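Listed below, chain by chain, are the residues.
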Amino acid sequence: MASLTIPPVLSSPRDDAMHLYKAFKGLGCDTSAVINILAHRDSAQRALIIHEYKIMYSEDPIKRLSSELTGNLEKAVLLWMPDPARRDAIILQDALSIDIDLKAATEVICSRTPSQLQHLRQIYPSLHGVYKHLEDAIQAQASGDLGHLLLAYLATPRSEGLEVDRTMVDHDAKALYKAGEKSLGTDEKTFRTIFSARSRAHLAAVSYAYHNMYGTALKKAVKSETSGNFEHGLVTILQCAENPGKYFAKVLRKAMKGMGTDDKTLVRVIVTRTEIDMLYIKAEYYKKHHKSLNDAVDSETSGHYRTFLLSLLGADCH
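Residues numbered from 1 in each chain as written. Predicted model: local features only at pLDDT ≥ 70, side-chain atom pairs only at ≥ 80, totals over all residues. Heavy atoms only, no water.

## Focus on the pattern of salt bridges
A side chain of one charge can pair with a side chain of the opposite charge if their charged atoms are brought near each other. Under the defined criterion, the tally for this structure stands at 16 salt bridges. Here K287 and E284 are joined by a salt bridge, their closest N and O atoms 3.9 Å apart. Here the residue K287 and the residue E284 both occupy positions in helix α18 (residues 278-289), the gap between them amounting to 3 residues, near one helical turn. Taking the relative accessible area as the measure of exposure, K287 reaches 59% and is therefore exposed. One salt-bridge network, in which partners are shared between bridges, spans R46, R87 and E275. (Salt bridge = Lys/Arg side-chain N within 4 Å of Asp/Glu carboxyl O. Helix = DSSP H or I, 4+ residues; strand = E, 2+ residues; numbered from the N terminus. Buried < 20%, exposed > 50% of the residue type's maximum accessible area, 1.4 Å probe, protein only.)

This is the structure:
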């Protein structure tokens, strides 16, 4: 297991900025020092470091990081630096207008809470992308059922509370059965409408009711009735309603399974979930694979890149 160096005392943003500048100076870059500072600072602290650095040295530390670091480490650190909403906007801008990746775009949109999506929509136009609004970017790249689902999921206000209307739950479970398993062919619109309009608590209750009423898991029904990225979107919404930790543990496992590693997914998930629910993801990963996520990442990565990801993951719980 790679050893993680953790600074004994949290220093001020000003001190951090000075240490960063020192790490950049001279020939080469003291990458360990950079990781040691940035991987152990939360979103607000990182914003203050950037602010202090700009004032003290009249240069953008993000540009400096970009010129000093390379490869997967550079990608991971640059994605780690912004606040969560801007980070999601950057991922989506890339997935929808530069390196087209509808699966990644679907994962990000369908796994976020209504308030996260609201922030994301507000910040997206400020990125100077090809498209002004996130909705425009989606319409340009995602057609058919997937496009409709993503746009509806972005636009529909949903409760983030735990209250559930039992009558409505049963009604939705029946409607989904009628739209899928019961009939020849699939009524995609019903799936789209229910999945995009209901709260997480409600959808989790629908899933439970569906299984009780028809003896099939709702996820299984979705998979047999739909396909492609539309299926991926519905499954993401459903699994994040039931257990986001389990969903992301699965995404990470897939990224590391078999020959080679899908570093883009590895970076995206670890960086975006570290400050949200990484403890739950790690617990679910261990529960399913009897191997810690830290050990899996340790064996799939190397060098400073590995040190950075392991620093974000934090101490092993097992």
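Once the structure has been displayed, the description carries forward.
## A short note on unusual backbone geometry
We note that S58 has phi near 50°; this positive angle belongs to a residue other than glycine. Here S58 shows up in the loop between α3 (43-57) and α4 (61-68). With a relative accessible area of 68%, S58 lands in the exposed category. A positive phi angle, close to 50°, is found at H290, a residue other than glycine. Mapped onto the elements of the fold, H290 is located in the loop between α18 and α19 (293-300).

## A look at the packing of helix α1 (residues 13-24) against α3
Following both chains from N to C, one finds α1 and α3 inclined at 65°, their axes separated by 8 Å at the closest point. Handedness of the crossing formed by α1 with α3: right-handed. Between α1, through P13, R14, D16, A17, M18, L20, Y21 and F24, and α3, the contact on the second element is made entirely by L48, I49, E52, Y53, M56 and Y57. Looking at side-chain class alone, the contact of α1 with α3 contains 11 nonpolar, no polar and 3 charged residues. (Axes fitted to C-alpha atoms, helices over the stretch in contact; angles between N-to-C directions. Left-handed = near helix turned anticlockwise from the far one by under 90°. Contact = heavy atoms within 4.5 Å. Nonpolar A, V, L, I, M, F, W, Y, C, P; charged D, E, K, R; others polar.)

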